[in-house]
Structure formats: structure tokens, C-alpha cells
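One-letter residues, chain by chain:
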Amino acid sequence: MKIKTTRRQFLQFSASAMAGLFVSSPLLALASTGGQRSLTFFHTHTEEYLKVRHTPGLRSIANQRKINKFLRDFRTETVHPIDPGLLDIICAVQSRGGSRGVIEVISGYRSPKTNRELRKKSRGVAQKSLHMEGRAIDIRIRDLSTRHLRDVAVYLGAGGVGYYSKSDFVHLDTGDCRTW
């Protein structure tokens, strides 16, 4: 796996390290390089678009409301709080992967009812899915292969990463660091 690091990212990381800041993961190193990112989402089921500006580590109530509504359970129209850490992970994946592409959302929040229904149809749906807590998202990014998206997310070590090559998407979550 080849991960690109810009000279600027390297220098900023080096400066942080020399200043005595301890960076425990590549995700935190990337967040320390800072900067607001423009994220453009497309929901594959509702065909809605959402564009937000996000700065990793900072929280915007206005953005949070938009994200919560956009990533709602489209089957039941249930809106649930989404973990802002998911946006931090997506920003880091895009930055480290050299992407500015549209983020295609396959699944965001799932109500317990929807999760039960999906479990009846597929063994790949977890009974205690983090989707039901607003802590998981299934995506692909238009200008990254899902394999590269997965590799970058695994490298960042920021949570769970599931790779579904046949369905062409990657699951990201803010739970424990693990892969499947």
C-alpha cells in the first residue's frame, strides 16, 4: 500500500513532534495538519446531495443538524445524532488518499427496526451494529477505489474498517480499531 504524504504535511508533523507534542495515531497527525475541508455527499438511496465544510476536531451545530438529517434512516425517516468523529475520519481518509471526490453514502444511521429487517436478508448485518448508534457509515468515494479507501482507513487506525469488495463500499465506524 502506498500512502502519499505531502512535504507540507511532513513539515507540519515534524514541527509538532519537535514542539513536544505526542501524536498517537496517523489520524491525529493528520488532524494536526488542520484546515477546513469541503465535503460533498451523495446519498445513493435518496439521491440527495449535501455539501458541508468541516474542520477535524471542531464541532458545528448547524453542520451537525444537516448531517443528522442527511444520514437519517431513509427507510423510516428517523433522524439520530451522528458521531462527529465519522466526519473527522472521512476528512482524514480524503486528505491522506489525495481525494476531493464526492462521498457516496450507502448507509448512515439505521433504526433498530431497519437493522432487524436487514439482518433477516443478510448475514453481514451485525445485531449490535454501530449504525444504530450513529457511529458508522458505509461509503465509497468517487475518485478513490474502494480498495485504496480501505487501505488508507486501515492505516489511519481510527476505528472499524470493513471492506465489501463485491458490493463496492467500505464501512467506517468510530468503534474499536478492527478490520474485516
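Residues numbered from 1 in each chain as written. Predicted model: local features only at pLDDT ≥ 70, side-chain atom pairs only at ≥ 80, totals over all residues. Heavy atoms only, no water.

Brief notes about the sheet that holds strand β4 (residues 136-141)
Taken together, seven strands build an open sheet; the order of strands is β2-β1-β3-β4-β6-β5-β7 and the sheet is mixed. Each edge of the open sheet is held by one strand with a lone partner, namely β2 (49-54) and β7 (178-179). Bridge count for strand β3 (residues 103-107) against β4 is four bridges, and the pairing is antiparallel. Bridging from a neighbouring strand, S107 pairs with D138 of β4. Sheet contacts for helix α6 (residues 146-156): β4, β5 (160-164), β6 (169-173) and β7; angle to β5, the most-contacted strand, approximately 165°. (Pairing = 2+ DSSP bridges. Helix = DSSP H or I, 4+ residues; strand = E, 2+ residues; numbered from the N terminus. Contact = heavy atoms within 4.5 Å. Axes fitted to C-alpha atoms, helices over the stretch in contact; angles between N-to-C directions.)

Some thoughts on helix α3 (residues 61-70)
For α3, every residue scored as buried is listed here: N63, Q64, I67, N68 and F70. Within α3, the buried residues cover an arc of 165° as seen down the axis, which keeps them to one side. Exposed residues on α3 whose side chains face more than 90 degrees from its buried face are I61, R65 and K69. Elements that come into contact with the buried residues of α3 comprise β1 (37-43), β2, α4 (85-97) and β3. (Buried < 20%, exposed > 50% of the residue type's maximum accessible area, 1.4 Å probe, protein only. Arc of directions from axis to C-beta.)

Some remarks on the nonpolar core
One broad rule of soluble globular proteins: the nonpolar side chains tend to lie buried together. Judged by nonpolar contacts, the single largest core of 30 residues is most densely connected at F41, V93, I139 and L172. In terms of residues, this core owes the most to one element, α4, which gives seven residues. Beyond its immediate chain neighbours, meaning those up to four positions away, L172 contacts L86, I89, I90, R135, A136, I137, I139, A153, G160 and V161. (Core = buried A, V, L, I, M, F, W, Y, C linked by side-chain atoms within 4.5 Å.)

Considerations on α4
In a regular helix each residue adds 1.5 Å, so 13 residues correspond to 18 Å; α4 covers 18 Å between its end C-alpha atoms and thus fits that length. Every buried residue of α4 is listed here: G85, L86, L87, D88, I89, I90, C91, A92, V93, Q94, R96 and G97. Positive backbone phi, at 70°, marks G98, one or two positions downstream of α4. (Expected span 1.5 Å × (residues − 1).)

Remarks on unusual backbone geometry
A positive phi angle is found at E47, which is not glycine, with a value near 60°. Position of E47 relative to the elements: it lies in the loop between β1 and β2. With a phi close to 65°, E77 is a non-glycine residue in the positive phi region. Its place among the elements puts E77 in the loop between α3 and α4. By relative accessible area, E77 is classed as partly exposed at 46%.

Section: the side chain of E104
Assignment of secondary structure puts E104 in strand β3. A distance of 2.7 Å separates the side chain of E104 from the side chain of R140, its partner in a polar contact. For E104, the side chain forms a polar contact with the side chain of R142, separated by 2.6 Å. Setting aside its immediate chain neighbours within four residues, E104 contacts F42, T44, D138, I139, R140 and R142. (Polar contact = N/O pair within 3.5 Å; in protein donor to acceptor, adjacent residues only side chain to side chain.)

Observations regarding the environment of L144
Along the chain, L144 falls in the loop between β4 and α6. Judged by relative accessible area, L144 falls into the buried class, the value being 10%. It is 7.6 Å that separates the C-alpha atoms of L144 and G101, two residues lying 43 residues apart in sequence. Not counting chain neighbours up to four residues away, the residues in contact with L144 comprise V93, G97 and S99.

Considering the environment of H171
Here H171 lies in strand β6. Sequence-wise, H171 and I106 are 65 residues apart; in three dimensions their C-alpha atoms are separated by 9.4 Å. Among residues more than four places away in sequence, those in contact with H171 are H131, A136, I137, D138, G160, V161, G162, Y164 and W180. One polar contact links H171 to D138, side chain to side chain, over a distance of 3.0 Å.

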